[in-house]
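Examining the three-dimensional arrangement
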Amino acid sequence: MTTDLPPRFFTNDKGTFGEYTAAVRWPIIVQNAVDDMKKELKTVASDDLEKIKQGTTITNELVEFRQEILDRKPLRPFTLEEAEIASVPGSYNEYLIAHNGVTWDKVEWLFSEIYLYRRVNVYFKCQPLWKDFDIFDGLKQFTFKSSLHGVVELAMRYKTLSSQFATISEDKELLEILFKEFIEISLWGNATDLSLLTNATLEDLKSVQGAKVRAASEAKIVVNDTEKAWKKLMTLRDSGCKNVRVDFVLDNSGFELYADLMFAAFLLKTNLAQKIKLHGKDIPYMVSDVMLKDFHILLKDLKDRSFFPVDSESEESKAFDQFADDISTFFTNNQIEFEADSFWTTDLDYWNIDPSENKYNGAKVYKDLLKSNLVIFKGDLNYRKLTGDRAWPRTTAWNVAIGPLATNGITLLSLRTCKADVQVALPTGLDEGLTQLWEKDHPGQGSWWCCSGKWAVICYATSN
Ligand SMILES: O=P(O)(O)OC[C@H]1O[C@](O)(CO)[C@@H](O)[C@@H]1O
Ligand SMILES: [Mg+2]
Ligand SMILES: [Mn+2]
């Protein structure tokens, strides 16, 4: 039977965080890109006239694009030339033909936000001297550099643990405690996501990365299926499986990627997994999302004492080198693999990770993820795509909200800090309670408790 699905969130859904994001935050994000382009242009040699000309064109186009959003213009299709030069997946124009005339103030939030980053990318791809320039690189690097406190803390923790991984892997109780700890580190690493902390101070960044914060944050995980993922890995290990593969559908670069790599190293060092596959983005996306180049930049930053100014003879410096060297070794011997399929930056939600989607790599990704024992989806946007970003009642069962993914053979775990209106799998009454709590300090925005990044959900699904 075809149950009719709730609509996806729209940018004109009154009083939603999506409405606010489209009206207020997107113009800021595009303005930040304009400002960063102007800064970048100042670093171009004054006699490099062609590069300056092309960069100025992009800057002017970004200014116009910001105005297009502010003026609530229709979302235009990509021209044939743009699609050709920038290899824009056809799914965008298909959507715009099917939803003809949608405007920035009245369009599905999921599509329009992803379309926004594709429009920005097309401007760069159409200028040969700027086609590989990541306009968000400066912000990614600034934020990672500001994460020194958390980076040191985790590196020192890893260094301490690394001499005990063999012992730890024999002690199930300790192994489970650390598994939970690394899940939490990976989960909250997310909280330094740029798109939400657009004006984060150093103090803000430090606060969300302290160990003490994580201890308190356990209470903030309102749905927690960690135990189910743990049991899955234990069953595999106890059955003597020697080629356990865990996948990460990554979210943000910088501290979150660093935390994810910590988690990956822990899984490999304790033999809970023998292979890690990382899935990143093929274009700059959602301000801070990870591309392959960001993975290599992170390893370089960890070895670069001018980036993280720790004394090169210090324990901290040794800890940075050890972690970076471990990850590099895993990468060289293919125990950690990184792939950036174009599917991840299409507008398609993850109900398209299914044999039926043969146009934009949905079926290809499905076949690959079938070979994984556990696919960890990181962050809010991935959660929105898993649930189709639909206006489900917030007590809707997880297995209903993820559609075909509940039965098509993939085992998944969503680690999500809540930053959007969509929210499912809550126990009865919890939403009302947290709405009331949030309403106190945020009159009229009580339901935005699940858009604040202050709470999180860990949701598991498997069909076998
Ligand atoms: O990096 P994350 O955790 O996916 O967060 C990105 C989220 O930030 C927002 O841009 C604003 O909350 C959402 O639209 C998007 O889902
Ligand atoms: Mg995130
Ligand atoms: Mn992100």
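Residues numbered from 1 in each chain as written. Chains lettered and ligands numbered in written order. Predicted model: local features only at pLDDT ≥ 70, side-chain atom pairs only at ≥ 80, totals over all residues. Heavy atoms only, no water.

**Structural notes on the overall build of the protein**
Within the protein, the regular secondary structure consists of 19 helices and 7 strands. Against the 2.2 N^0.38 benchmark of 23 Å for 464 residues, the protein shows a C-alpha radius of gyration of 22 Å, consistent with a compact globule. Taken along its principal axes, the extent of the C-alpha atoms in the protein is 65 × 60 × 50 Å. Across the 464 residues of the protein, 57% fall into the buried class. Across the protein, contacts joining residues at least 24 apart in sequence account for 79% of those joining residues at least 6 apart. On the protein, roughly 19000 Å² of surface is accessible, and the fraction owed to carbon and sulfur atoms is 56%. Distance between charge centroids for the protein: 1 Å, based on 55 positive and 68 negative side chains. (Helix = DSSP H or I, 4+ residues; strand = E, 2+ residues; numbered from the N terminus. Rg over C-alpha atoms; globule rule 2.2 N^0.38 Å. Buried < 20%, exposed > 50% of the residue type's maximum accessible area, 1.4 Å probe, protein only. Contact = heavy atoms within 4.5 Å. Areas by Shrake-Rupley, 256 points an atom, 1.4 Å probe, with all protein chains shown as cover. Lys, Arg positive; Asp, Glu negative; His and termini not counted. Charge placed at Lys NZ, Arg CZ, Asp CG, Glu CD.)

**Side note on the side chain of Asp260**
Within the secondary structure, Asp260 sits in helix 13 (residues 255-269). In this structure Asp260 comes out as buried when scored by relative accessible area, which is 0%. Look past the residues within four positions of Asp260 in its chain and what remains in contact with it is Ser186, Phe248, Leu250 and Lys378.

**Points about the sheet that holds strand 7 (residues 456-461)**
Read across the sheet, 7 strands follow the order 1-7-6-5-2-3-4 without closing on themselves; strand pairing throughout is mixed. Lying at the two open borders of the sheet, with one neighbouring strand each, are strand 1 (221-224) and strand 4 (336-339). Between one strand axis and the next, the sheet turns by 15° as a mean value, whatever way the strands run. (Pairing = 2+ DSSP bridges. Axes fitted to C-alpha atoms, helices over the stretch in contact; angles between N-to-C directions.)

**A closer look at the packing of aromatic side chains**
Per the stated rule, a full pass over the model turns up 42 aromatic pairs. Ring geometry for Tyr158 against Phe165: centres 5.8 Å apart, planes inclined by 55°, an arrangement best described as tilted. In terms of burial, Tyr158 and Phe165 fall into one category: buried. Plain terms: the ring middles of Phe179 and Phe263 are 5.9 Å apart, the flat faces sit at 65° to each other, and that makes the pair edge-to-face. A residue pair is termed long-range when its members are at least 10 positions apart, and Phe179 in helix 9 (residues 172-188) and Phe263 in helix 13 qualify at 84 residues. By the ring-pair criterion, three or more aromatic residues cluster together here, those being Phe144, Tyr158, Phe165, Phe182, Phe255, Tyr258, Phe266, Phe307, Phe308, Phe320 and Phe323. One cation-aromatic arrangement involves Lys145 over Phe307; the distance from NZ or CZ to the ring centre is 4.8 Å. The lysine or arginine in question, Lys220, covers the ring of Trp455, its NZ or CZ lying 4.4 Å from the ring centre. (Phe/Tyr/Trp six-rings, centres within 6.5 Å; stacked < 30°, edge-to-face > 60°. Lys NZ or Arg CZ within 6 Å of the ring centre and 35° of its normal.)

**Considering the domain arrangement of the protein**
Interfaces are often sized by the accessible area lost when the parts come together. Taken domain by domain, the protein holds domain 1 (17-135) and domain 2 (148-461). Taken over C-alpha atoms, the centre of domain 1 sits 28 Å from the centre of domain 2. Taken residue by residue, the interface counts 21 residues in domain 1 and 26 residues in domain 2. Its largest share of buried area at the contact with domain 2, domain 1 owes to Phe17, Leu110 and Tyr117, together 31% of the area lost on that side. Taken together, the connections running from domain 1 to domain 2 amount to 3 salt bridges. Note that Lys293 and Asp134 form a salt bridge whose closest N and O atoms lie 2.6 Å from each other. (Domains from an automatic or database assignment. Buried area = accessible area lost by both parts, 1.4 Å probe. Salt bridge = Lys/Arg side-chain N within 4 Å of Asp/Glu carboxyl O.)

**Notes on the nonpolar core**
With 84 residues, the main nonpolar core has Ile353, Phe377 and Trp398 as its most contacted residues. Among the elements that make up this core, the one with the highest residue count is helix 5 (residues 109-125) (11 residues). When residues of this core are assigned to domains, at least three fall in each of domain 1 (17-135) and domain 2 (148-461). For Ile353, the contacting residues outside a window of four places in its chain are Phe343, Trp344, Gly362, Val365, Tyr366, Leu369, Phe377, Leu405, Asn408 and Ile410. Of all hydrophobic cores here, the second largest spans 66 residues; its members include Leu175, Phe182, Leu236 and Leu413. (Core = buried A, V, L, I, M, F, W, Y, C linked by side-chain atoms within 4.5 Å.)

**Description of the coordination of the manganese ion (ligand 3)**
Protein coordination of the manganese ion (ligand 3) is provided by Asp251 (OD), Asn252 (OD1) and Asp289 (OD), with donor distances spanning 2.1 to 2.2 Å. All donors to the manganese ion (ligand 3) come from one chain, and their sequence spacing reads D-N-x36-D. Here the manganese ion (ligand 3) and the magnesium ion (ligand 2) are spaced 3.8 Å apart, linked through Asp251, which binds each one. Placement of the pair is Asp251 in the loop between strand 2 (245-249) and helix 13 and Asp289 in the loop between strand 3 (275-279) and helix 14 (292-303), with a sequence separation of 38 residues. Comparing Asp251 with Asp289, the two get one shared label, buried. (Donors = N, O, S within 2.8 Å, 3.2 Å for Na, K, Ca; no water.)

**Things to note about the side chain of Arg390**
Along the chain, Arg390 falls in the loop between helix 17 (380-386) and helix 18 (398-401). Despite its burial, Arg390 pairs with no opposite charge, the nearest such side chain being Asp349 at 4.8 Å. In contact with Arg390, other than residues within four places in its own chain, are Leu5, Pro6, Pro7, Arg8, Phe9 and Val422.

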